[in-house]
Amino acid sequence: MNANPIVTKLQPPSSSPDLKLPNSIYLHIPFCRRRCFYCDFAVSVVGDRKHGDNSTMIQDYVEILCQEIAQESVIIPASSLNTIFFGGGTPSLLSVDQLQRILKVVDQKFGIANNAEISMEVDPGTFDREKLQGFLNLGVNRVSLGVQVFQDKLLQLAGRSHSVDEIFSAINIIEQVGIQNWSLDLISGLPEQTLKDWEYSLKTLLKINPNHVSIYDLIVEDKTPFSRYYTPGESPLPSEETTIQMYRLAQKLLTQAGYEHYEISNYAKPGFQCQHNLVYWKKQPYYGFGMGAASYLRGYRLTRPRKRQEYYAWVKGDYPVDLAEFVDTTQEELLETLMLGLRLAEGINLEVISQQFGSDILEQILTLLMPFYHQGLVQILDHNQNPIQPNFHQGWMRLTDPDGFLISNQILSTVFAGLSEI
């Protein structure tokens, strides 16, 4: 098949026993009842009434996905999986039998650790108690509920397919089946969303009290309906000042309620951080399967086609495009390490940066960050996470919360520009 030579590049040499293999896998389920107006993900719309077994489109996709997993994992060595993440799209549109089929192939080809975190994104109105219990019986032990807001008007303006009543019905089902490890997603910066609306959504969330929360600020992506309707910062979108207030309010209310702000957009009660997403932010290797999904392994990122028929053709060997991209030149690896690591509250280990890229590079980074350090936007910490004076050889570097996080793009742009000559 055409993809085989591409993936063969990822084959580890036998003389590299210390080469780390992924123990995480992302599985893309691209189907949605309708496309949200802000969404630029690789998705296919199936309509309100099509779920799993009654959708030929979903059935065909599951077969192709299982085919891809089976044939590519023969080439890429297996490593028992500690995290599995079903993202989308709306994975809860799968039937229990379809999920079982996928997990069976994954287990056969890779092996699933007994205590693996198996996460699934779910949307209100796409599952009942019987289906969710069926998912749990197959090993799913973490769900992420796409709520976004608690106002019907704003849900409709965003193109969401569910209502507020369906949100509470979904939460009731989650509580009935006894899932402890579940996340609730919200979006700020939507059209016509006021600070008062946002505060109401946050306080409603706190009454529900999930163990994990993801807070996303709306990005108006190209080629989406929102990009045709709206200009960032202009009415009816909230002003930049208002979106900053929204971010600060979320950080204040959630941390006061006992949530750890462990990543720019994510909060968790102690012990409930998303282990799968930490793999991305810590730049560890991972497998990805499905339409538009990416694998990252040994310096290569292999991204599948984003269109369904092109993805099918690629899996079958009929798509004549090399999709593997070598990303880890020294500069690219450094910049990606900084971009991902500085999203985390724990920041980046300076000793690791020095070991990987050299002490001269580390000194350049710290010099570029000194203006932000003196403004209280960057901290240098010891190994106990206590602030210390800048040290070019040891400790941790992180952005402050919330001020540093709020201008993370500006800080990273300054560093990237200053390091452009390496």
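Higher on the page you've got the structure.
From a predicted model like this one, the values you see are computed outputs, not experimental measurements. (Residues numbered from 1 in each chain as written. Predicted model: local features only at pLDDT ≥ 70, side-chain atom pairs only at ≥ 80, totals over all residues. Heavy atoms only, no water.)

**Remarks on the sheet that holds strand β17 (residues 396-399)**
- With antiparallel pairing, the 3 strands of this open sheet are ordered in space as β15-β17-β16. What marks the edges here is a single partner per strand, and that holds for β15 (348-349) and β16 (378-381).
- Of the pairings in the sheet, the one linking β15 to β17 comprises 2 bridges and is antiparallel in character. Opposite Ile348, over in β17, you have Met397 as the bridge partner. (Pairing = 2+ DSSP bridges. Helix = DSSP H or I, 4+ residues; strand = E, 2+ residues; numbered from the N terminus.)

**Here's the deal with the packing of aromatic side chains**
- For the coordinates displayed, the defined rule picks out 16 aromatic pairs.
- On the basis of an interplanar angle of 40° and a centroid distance of 5.7 Å, the ring pair of Phe150 and Phe168 is categorised as tilted. You can see Phe150 sitting in the loop between β6 (142-148) and α5 (152-158) and its partner Phe168 sitting in helix α6 (residues 164-177), a full 18 residues away along the chain.
- A relative accessible area of 5% means that Phe150 is categorised as buried.
- Through successive ring pairs, a cluster of aromatic residues spans Phe37, Tyr38, Phe226, Tyr229 and Tyr230.
- Looking at Lys269, its charged tip hangs above the ring of Tyr259, at a distance of 4.7 Å from the centre. (Phe/Tyr/Trp six-rings, centres within 6.5 Å; stacked < 30°, edge-to-face > 60°. Buried < 20%, exposed > 50% of the residue type's maximum accessible area, 1.4 Å probe, protein only. Lys NZ or Arg CZ within 6 Å of the ring centre and 35° of its normal.)

**Brief notes about unusual backbone geometry**
- Each neighbour pair has its own omega, and for Ser235 with Pro236 the value is 10°, a cis peptide bond.
- Take Pro236: it is sitting in the loop between α8 (225-229) and α9 (240-256).
- With omega at 5°, the peptide bond leading from Asp401 into Pro402 counts as cis.
- Residue placement: Pro402 occurs in the loop between β17 and α15 (403-406).
- One non-glycine residue with positive phi stands out, namely Gln148, at about 80°.
- Tracing the sequence through the fold places Gln148 in strand β6.
- Classification of Gln148 as buried rests on a relative accessible area of 8%.
- The phi torsion at Glu192 lies on the positive side, around 70°, for a residue other than glycine.
- With respect to the helices and strands, Glu192 occurs in the loop between β7 (182-188) and α7 (195-208).

**Some details on the environment of His28**
- Along the polypeptide, His28 turns up in strand β1 (residues 24-29).
- Sequence-wise, His28 and Phe86 are 58 residues apart; in three dimensions their C-alpha atoms are separated by 6.0 Å.
- Not counting residues within four places of it along the chain, the set of residues in contact with His28 comprises Ala42, Tyr61, Gly87, Gly88, Gly89, Phe289, Gly290, Met291 and Ala293. (Contact = heavy atoms within 4.5 Å.)

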